[in-house]
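Listed below are the residues making up each chain.
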Amino acid sequence: MAIKLKIGSPVVGEDFFGREVELRKAESLIRDNNLMLAAPRRVGKTSFARRLIDTLSSKGWNTIFIDLEEITSIDHFFNAFYGELVKLPETKVSEKMKAKMKKWLSGVELSTTGLPVKATVKMESSDNNDFKDLADILNILDNHTLVVFDELTVLLKSLSEKNDDEQAVRTFLNQFRAMRSATSEKCSWLICSSVGVRNFTTQHNLSDTINDVADFELGAFSDEEATKFVSTLAESIGIEANAKIKRYILDKIGWNIPFFIQLLLSRLPVGEITKTDIDEAYGHLLQTGSFDTWHERLNIEYGNNKDVAKLILKYLCVAIDGKTREEIYNHIYAKIPSFENDEMGLLLRALMTDGYLVKDGEQYKFRSPLLRDYWKETYC
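Computed from a predicted structure; not experimentally measured. (Residues numbered from 1 in each chain as written. Predicted model: local features only at pLDDT ≥ 70, side-chain atom pairs only at ≥ 80, totals over all residues. Heavy atoms only, no water.)

Burial within strand E3 (residues 145–150) is extensive, with six of its six residues counted as buried. Pairing of strand E2 (residues 62–67) with E3 involves six bridges; the strand directions are parallel. Of the residues in E3, the one forming a bridge with threonine 63 is leucine 146. (Buried < 20%, exposed > 50% of the residue type's maximum accessible area, 1.4 Å probe, protein only. Helix = DSSP H or I, 4+ residues; strand = E, 2+ residues; numbered from the N terminus. Pairing = 2+ DSSP bridges.)

This is the structure in structure tokens:
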């Protein structure tokens, strides 16, 4: 089987690899549960969500995927949602549904057999009944519906920053929770984000607004699956590697996520490769900007704790075996005496959720040697 080398962008169709066990589990749970795709960045959440969409679409489900990364307001949120609704090609449109849709859409002809595949969505300003109207429409749709929200945290942060308070975010999340409850018999929800939604809601005391959503963990490939992925990808791009070399590749990366495997293989020469080739490719990779977003995310997502997070990572990138929480706090306190000890637990948990760190016994250390070496090379 040949698959394309696609670095960074979601993988779909025949280029999607593995995850059979996780897909079966997600499919078995999603009908009766709302799920939070809990995984660090670059594990492949969006690719997994799109694969689940393809699977359920083939079984007759209505499926809606909404990327919220560029959505900056409630109006934009509804605009995107209704824009996806009008793309459902085989939806039977009742008179009630047409009336509901016409409140939001202008210049759109709604037939009695289905909604147009393409339409221009124009909205009036949203009001308190918008979520209820949307719930009514979702409940009218034939068959069960899966709605996937990607990058929900980005929208939440935008709402918080625009309004300079927590109330707009709380109102949105409470209304979204009420909509999930109102559509529970007809609709399932999958929420994913490259920055943890739970990190955000915990930080802003909003955890109660998502306590009806169960975590679905998506981890790295197992060693067996990662080895198969290396073999398949290497064959597809003309790389020859024996079993020992494949093992060396995975040991070098240290964290079996598709993105890191793809990155390293993209730097290898065509033909039979050696450990020297891998070491050189690894070294070159550290000099590229492939990991710069990990640093930039700290500035964007960690608010007042961004400097503390940077100090923690700079401290741990030279500690291969890791450090205890007490050691980390003492190091931070010596530089920033105002940092409270009770904040350390939440910050360390956020760094683990986002894929920077892992806890090994009592020690916190970088989850990936590749990311650790990049940090050491670039910031120490």
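The rest of the description comes next.
Right, let's talk about unusual backbone geometry for a bit. In this model, arginine 19 sits at a positive phi of 70°, which is unusual for a non-glycine residue. Within the secondary structure, arginine 19 sits in the segment before helix H1 (20–30). Taking the relative accessible area as the measure of exposure, arginine 19 reaches 3% and is therefore buried. With phi around 65°, glutamate 151 is a residue other than glycine that occupies positive phi space. The residue glutamate 151 is located in the loop between E3 and helix H6 (152–163) in this model.

Enumeration over the complete set of coordinates arrives at 30 aromatic pairs. When the centroid spacing of 5.2 Å and the interplanar angle of 45° are considered together, the rings of phenylalanine 149 and phenylalanine 176 count as tilted. Linking phenylalanine 149 in strand E3 with phenylalanine 176 in helix H7 (residues 167–182), this pair joins segments that are 27 residues apart in sequence. Its relative accessible area of 0% is what places phenylalanine 149 among the buried residues. Here phenylalanine 172 and phenylalanine 176 contribute two aromatic rings whose centre-to-centre distance is 6.3 Å and whose plane-to-plane angle is 35°, an arrangement assigned as tilted. With phenylalanine 172 and phenylalanine 176 both in helix H7 and four residues apart, the pair spans about one turn of that helix. The exposure classification of phenylalanine 172 matches that of phenylalanine 176, with both residues buried. (Phe/Tyr/Trp six-rings, centres within 6.5 Å; stacked < 30°, edge-to-face > 60°.)

What is shown is where atoms sit, not what they do.
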